[in-house]
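# Residue-level structural notes
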Amino acid sequence: MVRDPRPAVRRDGEWLVGTGVAASTYPALTWPSTALARATADQRFDVEVNAADIGTGARTVLRQIAADALDVPIVEVEITVGDSAIGPATVAGGSMGTASWGWAVTKACRLLRERIERDHGGRVPAGGVAVRADTTLEIRDRPEFARHAYGAQFCQARVSTVTGEVRVDRLLGVFAAGRIMNPTTARSQFLGGMTMGLSGALLERSVLDSRTGDFVTGDLAAYHVAVNADVPRIEVAWLDEHDPHLNPMGVKGIGEIGIVGTAAAVANAVHHATGIRVRDLPIGLAQMIGRLH
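So, here is what we can say about the structure in this document. (Residues numbered from 1 in each chain as written. Predicted model: local features only at pLDDT ≥ 70, side-chain atom pairs only at ≥ 80, totals over all residues. Heavy atoms only, no water.)

### Points about the pattern of salt bridges
A side chain of one charge can pair with a side chain of the opposite charge when the charged atoms of the two come close. This model, assessed by the stated rule, comprises 15 salt bridges. Across the pair Asp209 and Arg211 runs a salt bridge, and its minimum N-O distance is 3.1 Å. Overall, the relative accessible area of 73% leaves Arg211 in the exposed class. (Salt bridge = Lys/Arg side-chain N within 4 Å of Asp/Glu carboxyl O. Buried < 20%, exposed > 50% of the residue type's maximum accessible area, 1.4 Å probe, protein only.)

### Let's talk about the packing of helix 1 (residues 58–70) against helix 2 (residues 97–120)
For the pair helix 1 and helix 2, interaxial distance at closest approach is 8 Å and the crossing angle is 30°. With respect to their mutual orientation, helix 1 and helix 2 come out roughly parallel. Where helix 1 crosses over helix 2, the handedness of that crossing is right-handed. In this structure, helix 1 uses Ala58, Val61, Leu62, Ile65, Ala66, Ala69 and Leu70 to contact helix 2, whose residues at the interface are Thr98, Trp101, Gly102, Val105, Thr106, Cys109, Arg110, Leu112 and Arg113. (Axes fitted to C-alpha atoms, helices over the stretch in contact; angles between N-to-C directions. Helix = DSSP H or I, 4+ residues; strand = E, 2+ residues; numbered from the N terminus. Parallel < 35°, antiparallel > 145°, perpendicular 65-115°, else oblique. Left-handed = near helix turned anticlockwise from the far one by under 90°. Contact = heavy atoms within 4.5 Å.)

### A look at the nonpolar core
Formed by 35 residues in total, the largest nonpolar core has its most connected members in Val266, Ile283 and Met288. Elements with a contribution of two residues or more to this core: strand 2 (15–27), strand 7 (148–160), strand 8 (166–176), helix 4 (183–202), strand 9 (233–238) and helix 5 (262–274). If near-sequence neighbours (up to four positions away) are discounted, Met288 is found in contact with Val159, Gly164, Val166, Val270, Thr274, Ile276, Val278 and Ile283. Within the second largest apolar cluster, 34 residues are counted, among which are Ala35, Ala66, Ala69 and Ala133. (Core = buried A, V, L, I, M, F, W, Y, C linked by side-chain atoms within 4.5 Å.)

### Regarding the packing of aromatic side chains
A complete count under the given rule lists two aromatic pairs for this structure. Among the aromatic side chains, those forming a connected cluster through ring pairs are Phe175, Phe190 and Trp238. (Phe/Tyr/Trp six-rings, centres within 6.5 Å; stacked < 30°, edge-to-face > 60°.)

### Quick look at helix 4
Compared with an ideal rise of 1.5 Å per residue, which puts 20 residues at 28 Å, helix 4 spans 29 Å between its outermost C-alpha atoms and is within 8% of the ideal. The secondary structure elements touched by the buried residues of helix 4 are helix 1, strand 7, strand 8, strand 9 and helix 5. N-cap assignment for helix 4: the residue whose side-chain oxygen lies 3.1 Å from the backbone N of Thr184 is Asn182. (Expected span 1.5 Å × (residues − 1). Polar contact = N/O pair within 3.5 Å; in protein donor to acceptor, adjacent residues only side chain to side chain.)

### A look at helix 2
Along its 24 residues, helix 2 runs 33 Å from first to last C-alpha, staying within 8% of the 34 Å computed at 1.5 Å per residue. Backbone geometry just downstream of helix 2 places Gly121 in the positive-phi region, at approximately 60°.

### Concerning the side chain of Ser24
Here Ser24 shows up in strand 2. Within the structure, Ser24 has its side chain in polar contact with the side chain of Gln153 (distance 3.0 Å). When neighbours within four sequence positions are excluded, Ser24 is seen to be in contact with Ala149, Tyr150, Gly151, Ala152, Gln153, Phe175, Ile257, Val260 and Gly261.

### Section: the sheet that holds strand 4 (residues 45–48)
Spatially, the four strands line up as an open sheet ordered 5-4-3-6, and their pairing is mixed. The open sheet has two free edges, formed respectively by strand 5 (77–80) and strand 6 (129–134), since each of these has just one partner strand. On average, adjacent strands in this sheet sit at an angle of 15° to one another, irrespective of strand direction. The pairing of strand 3 (residues 34–39) with strand 4 spans four bridges and is antiparallel. Its bridge partner being in strand 4, Arg38 is matched across the sheet by Asp46. Set on the sheet, helix 1 makes contact with strand 4 and strand 5; between it and strand 5 the angle comes to about 135°. (Pairing = 2+ DSSP bridges.)

As structure tokens, this is what we get:
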């Protein structure tokens, strides 16, 4: 089907239908972190980093990163996270977790391999070998490049000419976010990010009490977020990308890149459907009622 660029011309009964696209970008941030790698005489490896796994699969991906750096099967690696006694590490936010923690893990594991080869002839002694790594200097001294993840989000939306209700039918996101370490967990993060962007586009609004300066929308009864019925079919894809100026793993964060761009794509689809340009979120009945034809 050829897309007619004119707004407010495609109808499906009471619904005006439109499509929209938006570009997205988010900085590929990396912050200093520390990690500990330990080898035992029975050919096991314990890797510790004070990461926080908030459901994004950090344990799984960090274990993969450690196994890659050690050049051993993943079953020989145990990963420990979430313990402040391990040493400082950055937060789980800002799309910087895997890039920051993984850099420290990679450095610790590579140094461990080097020490075993250099000092112990390639064999782990009975007492084991441990190495601690800190990425502060590497991150401080790296060249100044613009490092970003990129994406494009596509949306099909419909608006009721009777009620002004806005519904999103389909979302597609395509991304370039460095090396994808784990396709399963990456897909989930992209889907989650786009769901958050959709929620921000159509539902989420914080309201302040002008008398007290406090939030009136203080719970989920008043602050609305997307639930199953609000989320359409979402598809995600990514391009293989190699960027040598990132970190030893070649990864970029993928948490926020799914969010940014989604709301703009929804707004563009609503404009294409109705001819109404909305610049304040969320897009709701107030912007539609009285302006629809």
